[in-house]
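# A closer look at the structure
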Number of protein chains: 2
Amino acid sequence: MGSTANGAAAERRTATSNGRSPVDKEVDFANYFCTYAFLHHQKEMLSDRVRMDAYYNSVFHNKHHFIGKTVLDVGTGSGILAIWCAQAGAKKVYAVEATKMAVHARELVKSNNLHDVIEVIEGSIEDITLPEKVDVIISEWMGYFLLRESMFDSVICARDRWLKPNGIMYPSHARMWLAPIRSGLADHKMSDYEGSMDDWHGFLKETEAYYGVNMSVLTKPFSQEQKKYYLETSVWNSLHPNQVVGTPAILKEIDCLKVTVEEILKVEANISSLVTKEDTRLCGFGGWFDVHFKGSEENPAESNVELTTAPSQDDGTHWGQQVFLLHPHARVNEGEEIFVNFSMTRAEDNHRLMKVDLGYSIKQSSGKMLPRVDKKFFIE
Amino acid sequence: MGSTANGAAAERRTATSNGRSPVDKEVDFANYFCTYAFLHHQKEMLSDRVRMDAYYNSVFHNKHHFIGKTVLDVGTGSGILAIWCAQAGAKKVYAVEATKMAVHARELVKSNNLHDVIEVIEGSIEDITLPEKVDVIISEWMGYFLLRESMFDSVICARDRWLKPNGIMYPSHARMWLAPIRSGLADHKMSDYEGSMDDWHGFLKETEAYYGVNMSVLTKPFSQEQKKYYLETSVWNSLHPNQVVGTPAILKEIDCLKVTVEEILKVEANISSLVTKEDTRLCGFGGWFDVHFKGSEENPAESNVELTTAPSQDDGTHWGQQVFLLHPHARVNEGEEIFVNFSMTRAEDNHRLMKVDLGYSIKQSSGKMLPRVDKKFFIE
């Protein structure tokens, strides 16, 4: 044997959390939480200046939301958000963390002399209990393309159990965006796929010649496996703004105070984008998100802070953008309109991963509508 | 958040199989079996010519072990070994596979017109039942450094349940080897570690300056995490024979017909190696294995086939060697003797991974014994 990796979870079956049988907690740890138990990974997130500045400013420019208040930090990780809330004047902060990172968070809290205010609780938010309801829930729950990881489920659960009637969510709002892009990535991925299939055919010849076994019956499943990997899986990318060839459109708007898990199980939208570049390639679509810290209607923020993961020349984030590549690419021209039918649901075999159905059609300036093209993608 | 990987299982707790609470099957799938559900990975193993030639020759040069016999293939994967056994004249072959790869194995068997002889059974060997006992158990169960993955447990279980009293194991014997080596890898790993710590100290300064939080209390756990990753984890490497600076020694010999799980839970050996190179660096130790196909005493092989993963100029395998690097390295000279106390046990949090205690001392030609150096390693 000789397994190169210890744990590539995509193929493994777990129950999904969308109304079907509950998730196996042990399996979920094996495939998800474990990642956040490494300080190396915490450091990556703590080094994301856009992410850090947004949360830092949202807290310290809106101290009135924290002074004398009780706060719950869902998935505190290293404890940084809990510490800022305490520094901003919170009376009490409950910092909940499911992984062993809770031990480090406790050390960090103590060494910053905030152990009288901050209580680090090791456990998953669904299991733990708090002695009181809270005024504010703060959490950095956003995954790639906002909803990957499905961690927001846990924040919603925390909100429904522990937030006071007039409480506030940090962040308060979230949006998912999609825009047509041009990129050389599509060609690279295609040649990777083609190379792997050439390699396969050489392998078939050798296996028959040297070992007397004809494996050609596996060509179809192998090519499907490779297609999924190279061509149908969305790609992390840090797009330059000039790679965006049309107007970005909003796929989903979320009010963190009101949204239910049911409402985020599926993201469906029909959008259109106006091509803004002269005669260029349409190589795919880029997806990103932003979140806002507006407080609530009764208790608004004094300073509205936005955290955006949109393509940016200078302010990239560790989230980057999720890119859905088209094979083959199309050509578009300024003034043309691209209509997109977008649908994202959770993977059957892992509720923290996603699958996407994306159909697009181009309306030329003449008014002529080109035939619609439908694609499937996996966000892994 | 924004987890880069979906599933790095090393940190996650599962029960161990060495007498303590049983392994969570679902978790084990998430972290182990899943890897073998990809044709891409099967192809890697099927492209390992040393591995393929050894099994192919062991079967076809010893047809008397297969003609008219019943065979069990444990972890058949693509089904290749089962197919060879059938082609060599087996009357019946039970090919057991725990992953969905069983579906492909079935297709392959059918397309090679062997579905009358080979029965592919999807399930883990511990759970399934066969209608009869078998004459031969064949399996390619070897992980890195032989025992990583702990798959041999399942082969032993199969042997005790399904092998006839005078049955034969393919392979019949296995050995673990260790030898002193020289390598530039140790310096690379050390500078990687040092670079990551320099980076950490810059990160501490920034986090305090920009975000008012002193994280220095995490320096020790972070450096421990990084040390484990860069310096204390054994490294896959394809060693050139001239990197071996002393005589290889056998750590463990296994008779696959007789060995018990208890006997492979721990590998302990005190060995010595004679330095064969003039004034050179001792940078670490390289570990590898070989297996043999000798049949049994009552029913020996006509042709003895060996599969070795020793350092080789031309015949590398996908197993390569596991390298245990020393920081700092030592110097040794021809004629000196290196005494090694080696102990390998299974990781508490994942019974398929290993930890190693390795102590060595150098006896100089003068007879003077240099002080013993003790190291800990993880095989992940």
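A quick note: this is a predicted structure, and the numbers were derived from the prediction, not measured.

About the cut-offs
- Residues numbered from 1 in each chain as written.
- Chains lettered and ligands numbered in written order.
- Predicted model: local features only at pLDDT ≥ 70, side-chain atom pairs only at ≥ 80, totals over all residues.
- Heavy atoms only, no water.
- Least-squares fit on C-alpha atoms with pLDDT ≥ 70 in both.
- Contact = heavy atoms within 4.5 Å.
- 1 Å grid on protein atoms, 1.4 Å probe; cavity = no way out; pocket = protein on both sides within 12 Å on 5 of 7 lines; lining within 4 Å.
- Points joined across faces, edges and corners; volume = space filled by probe spheres on them.
- Helix = DSSP H or I, 4+ residues; strand = E, 2+ residues; numbered from the N terminus.
- Nonpolar A, V, L, I, M, F, W, Y, C, P; charged D, E, K, R; others polar.
- Buried < 20%, exposed > 50% of the residue type's maximum accessible area, 1.4 Å probe, protein only.
- Lys, Arg positive; Asp, Glu negative; His and termini not counted.
- Salt bridge = Lys/Arg side-chain N within 4 Å of Asp/Glu carboxyl O.
- Polar contact = N/O pair within 3.5 Å; in protein donor to acceptor, adjacent residues only side chain to side chain.
- Pairing = 2+ DSSP bridges.
- Axes fitted to C-alpha atoms, helices over the stretch in contact; angles between N-to-C directions.
- UniProt positions renumbered as here; feature names shortened; annotations may be inferred.
- Buried area = accessible area lost by both parts, 1.4 Å probe.
- Phe/Tyr/Trp six-rings, centres within 6.5 Å; stacked < 30°, edge-to-face > 60°.
- Lys NZ or Arg CZ within 6 Å of the ring centre and 35° of its normal.

## Points about the relation of the copies chain A and chain B
Once turned by 180° and shifted 0.0 Å along the axis, chain A lies on chain B with an RMSD of 0.0 Å. Within this description, the copies of the chain are treated as partners about a two-fold rotation axis. When C-alpha positions in chain A are compared against the rotation axis, the closest is assigned to V27 of chain A, at 2.4 Å. Looking at the interface residues of chain A, 100% of them are also at the interface in chain B, so both copies use one shared face.

## Topic: empty space enclosed by the protein
Using the criterion set out here, one finds seven cavities of 30 Å³ or more in the structure. By volume, the second largest cavity is sized at about 100 Å³. In terms of lining, the second largest cavity is formed by 13 residues, of which the most central are R51, G75, T76 and G77 of chain A together with M1 of chain B. Going through the elements one at a time, α2 (39-46) and α4 (80-87) of chain A are the ones with two or more residues in the lining of the second largest cavity. When residues in the lining of the second largest cavity are grouped by element, the largest group, three residues, is from α2 of chain A. Tallied by class, residues from the lining of the second largest cavity come to five nonpolar, five polar and three charged.

## A closer look at the side chain of E97 of chain B
Residue and element names in this part refer to chain B. Considering the arrangement of structural elements, one finds E97 in strand β2 (residues 92-97). Notably, E97 is buried but unbridged: the nearest opposite-charge side chain belongs to R51, and the N-O separation is 9.5 Å. Within polar-contact distance, the side chain of E97 engages the backbone nitrogen of G77 at 2.8 Å. Once you skip the residues sitting within four places of it in the chain, E97 turns out to touch G75, T76, G77, A102, I121, E122 and G123.

## A word on the pattern of salt bridges
Inspection of the entire model under this criterion finds 36 salt bridges over all chains. R372 of chain B is the salt-bridge partner of D374 of chain B, the closest N and O atoms lying 2.8 Å from each other. For R372 of chain B, a relative accessible area of 46% gives the class partly exposed. Sharing partners across several salt bridges, the network here consists of R175, D290 and E306 of chain A.

## Observations concerning the pairing of strand β4 (residues 134-138) of chain A
Residue and element names in this part refer to chain A. With five of five residues buried, β4 lies mostly within the body of the structure. Direction of pairing for strand β1 (residues 70-74) relative to β4: parallel, over a ladder of three bridges. Bridged to D73 within β4 is I138. With four bridges connecting them, β4 and strand β5 (residues 163-170) associate as parallel partners. By the bridge assignment for β5, V134 is matched with L163.

## Observations regarding the sheet that holds strand β13 (residues 337-347) of chain A
Residues and elements named next belong to chain A. With respect to topology, four strands assemble into an open sheet ordered β9-β13-β14-β15, the strand pairing being antiparallel. This sheet does not close on itself; its edge strands, each paired only once, are β9 (267-274) and β15 (373-379). On average, each strand axis in the sheet is tilted by 20° relative to the strand beside it, whichever way the strands run.

## What about the UniProt feature "domain: Protein arginine N-methyltransferase" (unreviewed entry) in chain A?
In this numbering, the UniProt entry assigns the feature "domain: Protein arginine N-methyltransferase" (unreviewed entry) to residues 191-363 of chain A. Between the end C-alpha atoms of residues 191-363 of chain A there is a gap of 30 Å, over a span that is 22% helix and 46% strand.

## So, the interface of chain A and chain B
Each partner contributes residues to the interface: chain A has 75 residues there, and chain B has 76 residues. In total, chain A and chain B occlude about 6,600 Å² of area from one another, counting both sides; carbon and sulfur atoms represent 60% of this. The tally of links from chain A across to chain B stands at four salt bridges. For D199 of chain B, the salt bridge goes to K43 of chain A, with nearest N and O atoms at 2.6 Å. Counting only elements with at least two residues in the side of chain A that touches chain B, the list comes to α1 (25-31), α2, α3 (49-60), α4, α5 (101-111), α7 (185-211), α8 (219-230) and β14 (350-363) of chain A. For the side of chain A that touches chain B, the element with the most residues is α2 of chain A, which contributes seven residues. For the side of chain A that touches chain B, the residue count by class is 37 nonpolar, 22 polar and 16 charged.

## Notes on the pairing of strand β13 (residues 337-347) of chain B
All names here are of chain B. Strand direction decides the pairing type here: strand β9 (residues 267-274) and β13, joined by eight bridges, are antiparallel. Bridging from a neighbouring strand, S272 pairs with F339 of β13. Relative to strand β14 (residues 350-363), β13 runs antiparallel, the two being bridged by eleven bridges. In the sheet register, F342 faces β14, and the bridge partner there is L358. Linkage of β13 to β14, two consecutive antiparallel strands, is achieved through a turn of two residues.

## Regarding the packing of aromatic side chains
Following the criterion strictly, the structure yields 36 aromatic pairs over all chains and no others. Their ring planes at 50° and their centres at 5.6 Å tell us that Y211 of chain A and W84 of chain B sit as a pair that is tilted. Taken together, the residues span two chains, with Y211 of chain A in helix α7 and W84 of chain B in helix α4 (residues 80-87). On the basis of relative accessibility, which here comes to 3%, the residue Y211 of chain A falls in the buried class. Taking relative accessible area as the criterion, W84 of chain B reaches 0% and is therefore assigned buried. By the ring-pair criterion, three or more aromatic residues cluster together here, those being Y56, F60 and W84 of chain A together with Y210 and Y211 of chain B. K228 of chain B extends its terminal NZ or CZ atom over the ring of F378 of chain B, reaching a point 4.4 Å from the ring centre.

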